[in-house]
Amino acid sequence: MLFPTITFAVFFLLVFVGSWLLMPRPGLWKPFMLGVSLLFYGWWEWRFVLLLALSAVVNQGFALLIERLGPGAGRKWALAAAVAANLGVLGWFKYYGFFVTSFVNFAAAFGFNADLPLLRVVLPIGISFLTFRVLSYVIDVYRGTLRTASLLDFAVYVTFFPYIAAGPIARAAEFLPQLAAPRDPRRLDTSRAFFLIFSGLVKKMLIADYLATHLVNGVFTTPGQYTSLETLLGIIGYSVQIFCDFSAYADIAIGISLLLGFELPENFNAPYTATSVQDFWRRWHMTLSRWLRDYLYIPLGGNRKGRLRTYLNLMVTMVLGGLWHGAGWPFVFWGFLYGGALIVEHRRVDARRERALSVSVGRERRAILAACDSLPGAAGATVAPVAPAIAYDKRPWHGGVWPRIGVFAFVSLAWVFFRSATFAAALDVLARLFQSWGSIGAAVTPGVLLAIAVGIGVQYVPRSIWERGQAGFSLVHPVLQGVVLAFGFVLLDVLGPTGPAAFIYFGF
Amino acid sequence: MAEPEREARPADGRRRRSAASVLVVILVAFVLGALLNAPAMKRTALELPYGGERSFRLALLNPLAAMSHWFFLDRPAKLTAAALDRPDPGPAGDDVVVVVTPSPRPPKKPHAGDANRPLPAPLKGHPMHLYIAGDSMMGLPGMALVNLSRKTRLIKPKLDYRISSGLCRPDFFNWPAQLQQQVKKFNPGAVALMFGANDNQALQTSSGDVYQFESDGWKKEYRRRVRDAILLLLDGGVRRVYWIGLPVMPGATYNRQVKVLNEIYRAEAATHPEVRYIDAYALLSTDGGAYTQYLRDADGDMQQVRETDGEHLTYAGGMRIADAVVHAIKQEWLARRSPAKGGSSREGSGGAKSTH
């Protein structure tokens with residue numbers, strides 16, 4: 001079931017009424033929410049409802065086992081088994097074909113005929129998000145930062161329909177406490193919810209889908225048909241498209257959850273205003289970034305085991321993050337590019353810190369020696385080293401405008417590999433940037449330029465302006481709010497594409 | 001929702017509302033939105049396959065659309081669409097959608113002779129125009145065909161695929177009209193077509209009769225539409241039509257339906273000497289004719305040829321079809337190309353110069 005459809009509108013109306021009627025009785029509300037979430041998911045492929053149910057039961061079993069085992073090796077093994085089981089399921093559905101074909105072709109390169117079974121495996125929507133959600137629960141229970149929930153609560157968390165297909169990756173520790181008590185039906189942040197839902201629909205229908213059909217799809221699949229300027233705009237257009245597409249889903253999911261009384265974490269914060277690649281990942285797919293940080297980068301050692309190990313950890317985290325997005329070598333390379341960029345930025349800051357440290361230490365030492373010399377009878381006395389307070393610029397890049405442009409250019413370049421099916425296809429697109437500057441091209445239209453400008457421009461609008469708009473809308477009478485939304489939906493329908501297109505991140 | 005309403009305004013400046021208020025907003029937006037948008041909703045219902053769901057939706061939407069029209073509530077959408085040069089949202093009130101599909105002239109005998117006429121040899125300055133059309137199944141194969149044919153530098157391709165379209169439902173997308181228009185506009189020497197993925201549904205004849213898929217009436221009418229499409233192209237000066245059949249499908253029912261459709265395409269193609277049937281079913285199946293997600297390419301590398309939905313083709317899968325089409329084109333159009341760069345008389349097919 002796609003969000004921008006009549007079917008979903010009817011579904012949500014019924015769920016909204018049912019949810020708030022049953023909310024005072026958690027014993028009824030939870031099975032109801034579980035049921036409607038499974039219906040929502042089963043609308044795509046009912047067979048995978050069983051996968052969700054199985055995931056909830058198995059991971060609850062692991063969590064209970066870990067909690068009961070107490071400290072010791074058994075607990076570690078139980079966690080390892082849980083991680084292996086979840087990654088195994090993800091690997092089967094998402095990476096089976098990738099690994100088997102890679103292995104067969106690798107063996108063939110050395111003259112071996114690896115005759116492995118090549119099965120047809122259908123990818124369940126949102127399986128990567130599901131895997132990270134359930135792992136956050138099991139790992140937090142292992143760490144002792146979260147107590148196990150009831151199976152019903154955990155199942156509601158696993159299947160909650162607003163985020164089931166494409167996030168945000170709400171952690172168990174964020175969601176489960178909200179199930180502890182019924183939500184208050186008298187204090188809903190409705191204007192923020194409606195704003196998020198409507199702006200999500202605008203981003204998806206008027207910008208992302210428009211750019212996809214009018215420029216991006218063509219540039220990335222038949223680059224030879226496009227001029228260099230069109231190709232450049234196609235690459236920038238894809239940066240805008242993927243932001244507007246993915247953040248639209250997150251916005252709508254957060255908005256719908258708010259109407260049901262639940263808070264989900266933010267997933268985007270104007271990512272194309274980032275002044276460094278580190279900053280970009282603090283703003284783009286924020287729930288994934290922090291998941292990778294807390295459940296992968298830090299357990300690998302983070303920055304606690306020396307400089308080289310830090311760089312290695314960064315690279316491993318980003319490459320695995322790339323692979324999480326899709327089964328293909330271009331995704332791995334996409335992660336590699338980010339790993340490399342983060343290492344470069346860390347190196348710059350590290351070098352600056354070392355310089356500041358050496359200057360600071362030298363100054364301290366000179367001051368101490370001078371002080372010692374001035375003391376009568378101080379010769380030969382030992383002085384305990386004191387870590388000096390050092391001040392240095394922690395930003396990888398200086399300035400405001402150029403770092404932003406540079407980061408956006410780097411991110412857009414990386415998206416080329418993310419969007420392309422193969423390396424050859426990505427290189428074809430990049431090569432086209434240098435081959436046909438003789439003309440503008442028919443795909444450079446005012447509509448395309450406007451969509452790109454708006455998609456980037458909205459990220460530079462100060463948050464306070466949006467908040468003031470939401471505050472103003474919240475004061476409008478509910479009937480008038482409904483009228484405004486009705487006209488807004490009509491405008492979307494007139495300006496938007498004929499049929500709803502699936503969100504890009506459904507494939508991940 | 002039975003709780004007494006207590007609406008407060010916290011520090012963020014946004015006034016909190018009750019669930020009852022939200023329900024009011026949703027209902028107003030829903031009801032008014034439905035009335036304002038009734039023509040578009042009716043259009044969507046009309047485009048559904050003939051059957052129970054379509055009838056049910058239309059039973060609900062016809063009175064809604066009528067009410068919307070009486071109270072002038074359909075005007076904002078229509079006026080906005082007109083002002084912004086967007087397609088009309090949909091039929092107003094009880095309007096019946098009448099789709100006029102162009103008919104070709106009655107088949108004329110010279111077609112047989114045309115097939116034997118030498119094809120004009122494309123040159124770099126005057127490439128043969130190749131128009132590539134179809135439904136979503138033609139997406140990546142079409143793109144592969146564009147890329148591959150461009151590499152010859154003697155073919156100028158144009159890709160035109162429409163998601164969810166086919167020959168069954170001209171009310172959703174009128175392919176005969178589109179083909180006729182593109183023949184005039186693009187002047188193709190050859191056309192590659194791939195239809196049928198959405199044609200496993202009932203169709204309605206011009207007399208109003210509805211035939212269910214696979215019935216005798218359906219087969220007769222569908223074959224007539226295939227024939228009309230071919231004749232429209234040939235009448236417009238197209239010299240070769242490469243009709244691409246549907247590939248093998250993973251589901252048994254859908255695969256059986258695909259075989260029915262392919263049989264029609266193959267049979268009709270056989271009656272026109274200008275039409276070449278490209279057997280995608282064989283190209284995308286195993287040696288035993290079974291469905292597969294993976295095939296080896298010419299270099300022996302294993303490739304995924306179907307998308308994860310199992311039905312649509314990946315770029316690598318599309319490339320197998322593109323290879324077959326370009327191979328067929330090369331055999332007929334490029335094999336006899338004179339290195340002496342030919343003469344100067346322009347033919348009507350794609351602006352290619354003839355060497356004869």
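Residues numbered from 1 in each chain as written. Chains lettered and ligands numbered in written order. Predicted model: local features only at pLDDT ≥ 70, side-chain atom pairs only at ≥ 80, totals over all residues. Heavy atoms only, no water.

### Let's talk about the pattern of salt bridges
Then, number 1: Within the structure shown, the criterion is met by 27 salt bridges over all chains.
Then, number 2: Two residues, Glu 354 of chain A and Arg 307 of chain A, come together in a salt bridge whose shortest N-O distance is 2.5 Å. Placement of the pair is Glu 354 of chain A in helix H13 (residues 329-374) and Arg 307 of chain A in helix H12 (residues 307-325), with a sequence separation of 47 residues.
Then, number 3: Glu 354 of chain A sits in the partly exposed class, given a relative accessible area of 31%.
Then, number 4: For Arg 307 of chain A, a relative accessible area of 38% puts it in the partly exposed group.
Then, number 5: Members of the salt-bridge network, linked through shared partners, are Glu 221, Arg 224, Arg 225 and Asp 228 of chain B. (Salt bridge = Lys/Arg side-chain N within 4 Å of Asp/Glu carboxyl O. Helix = DSSP H or I, 4+ residues; strand = E, 2+ residues; numbered from the N terminus. Buried < 20%, exposed > 50% of the residue type's maximum accessible area, 1.4 Å probe, protein only.)

### Points about the domain arrangement of chain A
Residue and element names in this part refer to chain A.
Then, number 1: Assigned domains within chain A: domain 1 (6-187) and domain 2 (190-275 + 432-498).
Then, number 2: Of note, the centres of domain 1 and domain 2, computed from C-alpha atoms alone, are 29 Å apart.
Then, number 3: Across the contact, 26 residues belong to domain 1 and 15 residues belong to domain 2.
Then, number 4: Both sides of the domain 1 and domain 2 interface together cover about 1600 Å² of buried area, and 76% of this is carbon and sulfur.
Then, number 5: On the domain 1 side of the interface with domain 2, the three residues burying the most area are Pro 162, Pro 168 and Gln 178, jointly 33% of the side's total. (Domains from an automatic or database assignment. Contact = heavy atoms within 4.5 Å. Buried area = accessible area lost by both parts, 1.4 Å probe.)

### Comments concerning the interface of chain B and chain A
Quite often, the size of an interface is put as the accessible area lost when its parts meet.
Then, number 1: Every contact between the two is made by 56 residues of chain B and, on the other side, 59 residues of chain A.
Then, number 2: Both faces considered, chain B and chain A share a buried interface measuring about 5000 Å² in area, 65% of it formed by carbon and sulfur atoms.
Then, number 3: Counting across the chain B and chain A interface gives two salt bridges.
Then, number 4: Here Arg 14 of chain B makes a salt bridge to Asp 189 of chain A, at a shortest N to O gap of 2.9 Å.
Then, number 5: At the surface where chain B touches chain A, the tally comes to 13 residue pairs in polar contact (both at pLDDT 80 or more). (Polar contact = N/O pair within 3.5 Å; in protein donor to acceptor, adjacent residues only side chain to side chain.)

### Notes on the environment of Ser 228 of chain A
All names here are of chain A.
Then, number 1: The topology assignment puts Ser 228 in helix H9 (residues 228-259).
Then, number 2: Using a relative accessible area of 0% as the deciding quantity, one classes Ser 228 as buried.
Then, number 3: Once residues lying within four places of it in the same chain are set aside, the contact partners of Ser 228 are Arg 432, Leu 433, Phe 434, Gln 435, Ser 436 and Trp 437.
Then, number 4: A polar side-chain atom of Ser 228 sits 2.8 Å from the main-chain carbonyl oxygen of Arg 432.
Then, number 5: At 3.3 Å, the side chain of Ser 228 forms a polar contact with the backbone oxygen of Leu 433.

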